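# Structural overview for review
What follows is each chain in one-letter form.
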Amino acid sequence: MSTGFFGDIGRIPFEGADSDATLAFRHYDPDELVLGKRLEDHLRFAAAYWHSLAWSGGDPFGGPTLERPWFGDSMADAKLKADVAFELFEALGVPYFCFHDADVRPEGGSFAENTRNLEEMVDYFGQKMASSSVKLLWGTANLFSHRRFMAGAATNPDPDVFAFSAATIKTCMDATHKLGGENYVLWGGREGYESLLNTDLAREDAQAGRMLNLVVEHKHKIGFKGAILIEPKPQEPTKHQYDYDVASVYGFLRRHGLEKEVQVNIEQGHAILAGHSFEHEIALAGALDIFGSIDMNRNDYQSGWDTDQFPNNVPEVALAYYYILKAGGLTSGGTNFDARLRRQSLDPADLLAAHVGGMDICARGLKAAARMIEDGALEAAVASRYSGWDDGRGQKLLSGDLSLDDIVALVEEEDINPAPRSGQQEIFENLVNRYV
Ligand code: XUL
Ligand code: CO
């Protein structure tokens, strides 16, 4: 029986670009074939439990604005929230959802009570997933909201917090595995520092490395086939977070022998906070062979905060999907809307419309990216720029056979005196504008 939260809404239809309905898809037809694959299978959309179901609209200057009948601390509240969650997922036709333990279960007074509450909700989700086509993209542990984590989880100066965190991660990995989750995410919201003065960087790096190795060992022990993903973010809530960006995470993985075991979940807003573009982070992860999944949300470029807004910029999204397609597409990963309503968007219809708009923007972006891939003009232009490396002298320079002395001899013998060539930036930009 329906909770009635969204009225008598059914599945939101695809009506095409000319529709004037508020709740209809204009560009996202899940069955449309793009590069020979259904749009739904390219985009692999997921709704985020925390923003859509658990967020109450507070900001640093004001309390909750959103009123939801499931806000409360009981198991009954948690189950009503789950009922509405699945109504949301099914109305939108998103194939996946994502959750933190703390989003879905009441906070208990102890580790054991947290675990019991989580397990009861996992069983409840299991029933709901069995009677719908909704799947779990990823699960994760919230190791940043409760005050016990204020100085970090893995990187806490107190080993008891490390132990509590490791135990909590195990319960969340087991929950994710039981629900057939396709990835497990770690976002180190408090793994960093507020002040360098009270922080031992070398110890905290060793602690974080041990924790991630524990996670990978447990993954193999339980036979979890999904990907383990780290989500980089440079700061907020802490002044400095260790998983600053894709490059920092890659260095961390190499240092701890995990670069073949762990990939990244890249969030648009986090990339911007790190002083990069979203597509830079995706392209770098692709180049380093650690691309996993994305959190699709934008920041307000004027506020400078992680405002977690639904995407609304097709050219930006198109470039992100271009580099995703070049990295092999979303395989175990997906497009998770780690995005929330504005605090004045009070109505259930706002929640639906936000996702519908975001899904349409992503569909337009993906289709533009696919045209770029199909035409191949950008790829060919880049290849031509580097073509000197493909054979002869370029390959010889890379081979390792030449020393600096040999190269001096080569430059002298062949009278090498390179003629600068245009980088053609404007021509490249114009090329991209043909598709977006
Ligand atoms: C915070 C953030 C998290 C992670 C999961 O900025 O993005 O919601 O995605 O913990
Ligand atoms: Co995120």
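Conventions we followed
Residues numbered from 1 in each chain as written. Chains lettered and ligands numbered in written order. Predicted model: local features only at pLDDT ≥ 70, side-chain atom pairs only at ≥ 80, totals over all residues. Heavy atoms only, no water. Helix = DSSP H or I, 4+ residues; strand = E, 2+ residues; numbered from the N terminus. Buried < 20%, exposed > 50% of the residue type's maximum accessible area, 1.4 Å probe, protein only. Pairing = 2+ DSSP bridges. Axes fitted to C-alpha atoms, helices over the stretch in contact; angles between N-to-C directions. Donors = N, O, S within 2.8 Å, 3.2 Å for Na, K, Ca; no water. Domains from an automatic or database assignment. 1 Å grid on protein atoms, 1.4 Å probe; cavity = no way out; pocket = protein on both sides within 12 Å on 5 of 7 lines; lining within 4 Å. Points joined across faces, edges and corners; volume = space filled by probe spheres on them. Nonpolar A, V, L, I, M, F, W, Y, C, P; charged D, E, K, R; others polar. Core = buried A, V, L, I, M, F, W, Y, C linked by side-chain atoms within 4.5 Å. Contact = heavy atoms within 4.5 Å. Near = heavy atom within 4 Å. Polar contact = N/O pair within 3.5 Å; in protein donor to acceptor, adjacent residues only side chain to side chain. Areas by Shrake-Rupley, 256 points an atom, 1.4 Å probe, with all protein chains shown as cover.

Let us now look at the environment of Leu 319. Within the secondary structure, Leu 319 sits in helix 11 (residues 314–326). For Leu 319, a relative accessible area of 21% translates into the label partly exposed. Residues Leu 319 and Gly 126, 193 residues apart in the sequence, show an inter-C-alpha distance of 36 Å.

Glancing now at the sheet that holds strand 12 (residues 335–337). One key point about sheets: their strands pair by backbone hydrogen bonds, in either a parallel or an antiparallel sense. Within the closed barrel, the eight strands sit side by side as 3-4-5-6-8-10-11-12. Their pairing is parallel. Averaged over all adjacent pairs, the angle separating strand axes in this sheet is 30 degrees, with direction ignored. For strand 6 (residues 183–186) and strand 8 (residues 227–230), the ladder comprises four bridges, and the chain directions are parallel. Across the sheet, Asn 183 pairs through a bridge with Ala 227, a residue of strand 8.

Four donors placed tetrahedrally about a metal ideally form angles of 109.5 degrees, and six donors placed octahedrally ideally form angles of 90 or 180 degrees. Protein coordination at the cobalt ion (ligand 2): the donors are Glu 231 (OE), Glu 267 (OE), Asp 295 (OD) and Asp 338 (OD), at 1.9 to 2.1 Å from the metal. For the cobalt ion (ligand 2), the donor residues sit on a single chain with the sequence spacing E-x35-E-x27-D-x42-D. Here Asp 295 is found in strand 11 (residues 291–295), whereas its partner Asp 338 is found in the loop between strand 12 and helix 12 (348–375), with 43 residues between them in sequence. Asp 338 matches Asp 295 in its accessibility class, with the two residues each being buried.

This next bit is on the domain arrangement of the protein chain. Parsing the protein chain into structural domains produces domain 1 (33–375) and domain 2 (380–433). Its C-alpha centre places domain 1 at a distance of 40 Å from the equivalent point of domain 2.

What follows covers the layout of surface pockets. Computed from the structure, the second largest pocket encloses a volume of approximately 490 Å³. Lining the second largest pocket we find 15 residues, and of these Tyr 322, Tyr 323, Leu 378, Val 382 and Phe 428 sit closest to its centre. Broken down by element, the lining of the second largest pocket gets its largest block of residues, five residues, from helix 13 (residues 377–385). Considered class by class, the residues forming the lining of the second largest pocket number nine nonpolar, two polar and four charged. Looking at which domains feed residues into the lining of the second largest pocket, each of domain 1 (33–375) and domain 2 (380–433) supplies at least three.

Counting residues in hydrophobic clusters, the biggest one holds 112 residues, and the most contacted among them are Tyr 49, Phe 89, Phe 97, Phe 125, Leu 212 and Tyr 321. Residue contributions to this core peak at 12 residues, all from helix 12. Residue-level mapping places this core at the junction of two domains, with at least three residues from each of domain 1 (33–375) and domain 2 (380–433). Excluding anything up to four places from it in sequence, Tyr 49 contacts Ala 54, Ala 78, Lys 81, Ala 82, Ala 85, Phe 89, Phe 97, Cys 98, Phe 99, Asp 103, Val 104 and Phe 125.

Let us look at the site of ligand 1. Surrounding ligand 1, one finds Trp 50, His 100, Trp 138, Phe 144, Trp 187, Glu 231, Lys 233, Glu 267, His 270, Asp 295, Asp 306 and Asp 338. Lys 233 has a polar side-chain atom sitting 3.0 Å from an oxygen atom of ligand 1. Protein chains shield 93% of the accessible area of ligand 1, which is 300 Å² for the free molecule. Its residues assigned to classes, the shell around ligand 1 shows four nonpolar, two polar and six charged.

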